[in-house]
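# Close look at the chain arrangement
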Amino acid sequence: MQAYAKFCICLNYYKGVIKLELAIYFIIFIIGALLGSFFSLAIYRIPLKQNITHERSYCPNCNHRLEFLDLIPIFSYVFLGGKCRYCKQKIRPRYILLEIFSGILFLLFVISLKFNIYNLEIQKLIYLLFGTLYISSLFIIGGIEKETHSISNSVLLFGLISQTIYIIYLYILNISIYKYAIYLFLMLILILVNTILLRKKGKENYTIQILTLCSYFAIVTKEQVIIVSIIFTLLLIAVKQILITTKNKKQQMAKVETQNKIPIGFYLCFTNIVVLILQNYIF
């Protein structure tokens, strides 16, 4: 009887732990979805040079200010039938897809850090904070690049500043920061060069933008992660181009312009996030 009682106590304990972990994972997913909602806003507004923090969300079709019930990630889209509550204009599915995808990736990122909820480590929490800022910046950079075929200098500058703060934190912990400092300096130089070219020629240099993005990767992730990200990016682009060519054999000439504007930065951001999470799981 005592053994059975102990078994029941242990079973109830583990049931409680599992319920607690599931509740925490659900909360983390919701936080990720909320971030995804913010990413959608930033991707739309930053190219238009609109405020992304103080101005209330509005419908881009009727300009009506959105209320709380219109802004609940995932649920608002489902309950409103994918339409604006005010003008009945259809909302692009990319919004709900980005929220779901963001929630899943953020959850996987947190799980990959192998937190012990009963013994939280300060260093892991700080890494989670700056890792979230890093992944958030890549979501926004990739989204803007896919829409405009241009990598946002302002978001890269935000990333540079946030990672500079993290490097200072590493220095305080007596961790070698020479590699981080070199890539940070390289990134800053490339941003300045691109800014100068923009002012002189009125046009950004896409190659320099991609190099700047890779420098940003190098500040946060290891070199092998960048190499794997580039390989996966090339594979994704190759597969996509093969599918496009196969599907549109009769319209190849009409697709030439699209093929010349492959959103390389978008694919790099996506693969870098995935490889970073996989790296955390492995190491």
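Residues numbered from 1 in each chain as written. Predicted model: local features only at pLDDT ≥ 70, side-chain atom pairs only at ≥ 80, totals over all residues. Heavy atoms only, no water.

### Here we look at the overall build of the protein
Looking only at helices and strands, one finds ten helices and zero strands in the protein. Counted from the first residue to the last, the protein has its helices and strands arranged as α-α-α-α-α-α-α-α-α-α. A burial count over the protein gives 37% of its 283 residues as buried. Excluding contacts between residues fewer than 6 apart, the proportion of contacts in the protein whose partners are at least 24 apart in sequence is 68%. As displayed, the protein offers around 17,600 Å² of accessible surface, 69% of which is attributable to carbon and sulfur atoms. (Helix = DSSP H or I, 4+ residues; strand = E, 2+ residues; numbered from the N terminus. Buried < 20%, exposed > 50% of the residue type's maximum accessible area, 1.4 Å probe, protein only. Contact = heavy atoms within 4.5 Å. Areas by Shrake-Rupley, 256 points an atom, 1.4 Å probe, with all protein chains shown as cover.)

### A few points about the packing of aromatic side chains
Evaluated as defined, the whole model comprises nine aromatic pairs. Ring geometry for Phe 130 and Tyr 166: centres 5.0 Å apart, planes at 45 degrees, overall tilted. Of the two residues, Phe 130 sits in helix α4 (residues 122-148) while Tyr 166 sits in helix α5 (residues 153-172), which places them 36 residues apart along the sequence. In terms of burial, Phe 130 and Tyr 166 fall into one category: buried. In this structure an aromatic cluster arises from ring pairing among Phe 39, Phe 101, Phe 139 and Phe 270. Of note, Arg 94 hangs over the ring of Tyr 95, and the distance from its end group to the ring centre comes to 5.1 Å. (Phe/Tyr/Trp six-rings, centres within 6.5 Å; stacked < 30°, edge-to-face > 60°. Lys NZ or Arg CZ within 6 Å of the ring centre and 35° of its normal.)

### A short note on the packing of helix α3 (residues 94-112) against helix α10 (residues 264-282)
For the pair α3 and α10, interaxial distance at closest approach is 8 Å and the crossing angle is 30 degrees. Taken as axis vectors, α3 and α10 run roughly parallel relative to one another. α10 is crossed by α3, and the crossing has left-handed handedness. Taken together, the residues of α10 that come into contact with α3 (itself represented by Phe 101, Leu 105, Leu 108, Phe 109, Ile 111 and Ser 112) are Phe 270, Ile 273, Ile 277, Asn 280 and Tyr 281. (Axes fitted to C-alpha atoms, helices over the stretch in contact; angles between N-to-C directions. Parallel < 35°, antiparallel > 145°, perpendicular 65-115°, else oblique. Left-handed = near helix turned anticlockwise from the far one by under 90°.)

### Description of α10
Since there are 3.6 residues in each turn of an α-helix, residues three or four apart along the chain are aligned in direction. Helix length check: α10 (19 residues) gives 26 Å between terminal C-alpha atoms against 27 Å at 1.5 Å per residue, within 8%. Turning to α10, its buried residues are Gly 265, Tyr 267, Leu 268, Cys 269, Thr 271, Asn 272, Ile 273, Val 275, Leu 276, Ile 277, Gln 279 and Asn 280. As for α10, its buried residues are in contact with α3, α4, α7 (206-220) and α8 (223-247). (Expected span 1.5 Å × (residues − 1).)

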